[in-house]
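Okay, here's what each chain looks like letter by letter:
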Amino acid sequence: AQGLAQPILLGNPFAIRALCQCHGMLVNPVPIVDPACAPKLEHYAGLLALKMQEQGKATMSRSELLQHLIDPLWFAAMMVVAGDADYCVGGNKSS
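Note that the structure is predicted; figures quoted are calculated from it, not measured.

Chemist: How should the pattern of salt bridges be read in this particular structure?
Modeler: Pairing of side chains with opposite charge becomes possible as their charged atoms draw close. In total, this model carries three salt bridges according to the counting rule given. A salt bridge links glutamate 42 to arginine 62, with the shortest nitrogen-to-oxygen separation between them at 3.0 Å. Taken as a pair, glutamate 42 in helix α2 (residues 41-54) and arginine 62 in helix α3 (residues 62-69) lie far apart in primary sequence, 20 residues in all. Judged by relative accessible area, which is 44%, glutamate 42 ranks as partly exposed. Classification of arginine 62 as partly exposed rests on a relative accessible area of 39%.

Chemist: Would you take a moment to explain the packing of aromatic side chains for this structure?
Modeler: Taken as a whole and assessed by the stated rule, the structure comprises one aromatic pair. Plain terms: the ring middles of tyrosine 44 and phenylalanine 75 are 5.0 Å apart, the flat faces sit at 65 degrees to each other, and that makes the pair edge-to-face. Of this pair, tyrosine 44 sits in helix α2 while phenylalanine 75 sits in helix α4 (residues 72-82); the two residues are 31 residues apart in sequence, bridging distant segments of the chain.

The rules behind the values
- Residues numbered from 1 in each chain as written.
- Predicted model: local features only at pLDDT ≥ 70, side-chain atom pairs only at ≥ 80, totals over all residues.
- Heavy atoms only, no water.
- Salt bridge = Lys/Arg side-chain N within 4 Å of Asp/Glu carboxyl O.
- Helix = DSSP H or I, 4+ residues; strand = E, 2+ residues; numbered from the N terminus.
- Buried < 20%, exposed > 50% of the residue type's maximum accessible area, 1.4 Å probe, protein only.
- Phe/Tyr/Trp six-rings, centres within 6.5 Å; stacked < 30°, edge-to-face > 60°.

All we've got here are geometric facts, nothing functional implied.
As C-alpha cells, this is what we get:
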C-alpha cells in the first residue's frame, strides 16, 4: 500500500459487511459511515441549505434536506463540499 487514498464506505454497515463476507472480502480496515446516523448529518444539512440558497434554488425543509442526505451519494457529495473527502466514487450494487 502506498497510501494514495483512504476509502470510506457509505451505507448501512450491516449490509456492507454482509455483502463483503458473502464475497470473501475483508472490510475491517475500511471505515463505514451510515449517513442516516452520521455525526455530521446536521452539519451537512446546514451546508446544503446554504449552498442551495447561494445558487437561488428552492428552499427545502430541514426534514427534506435530511431525507436527501441519508442517500449515500448526496452524503458523499456534501463530504466533498465540506472538505471531508477529496472525491467521490459512486457505484451500483447489482446481482
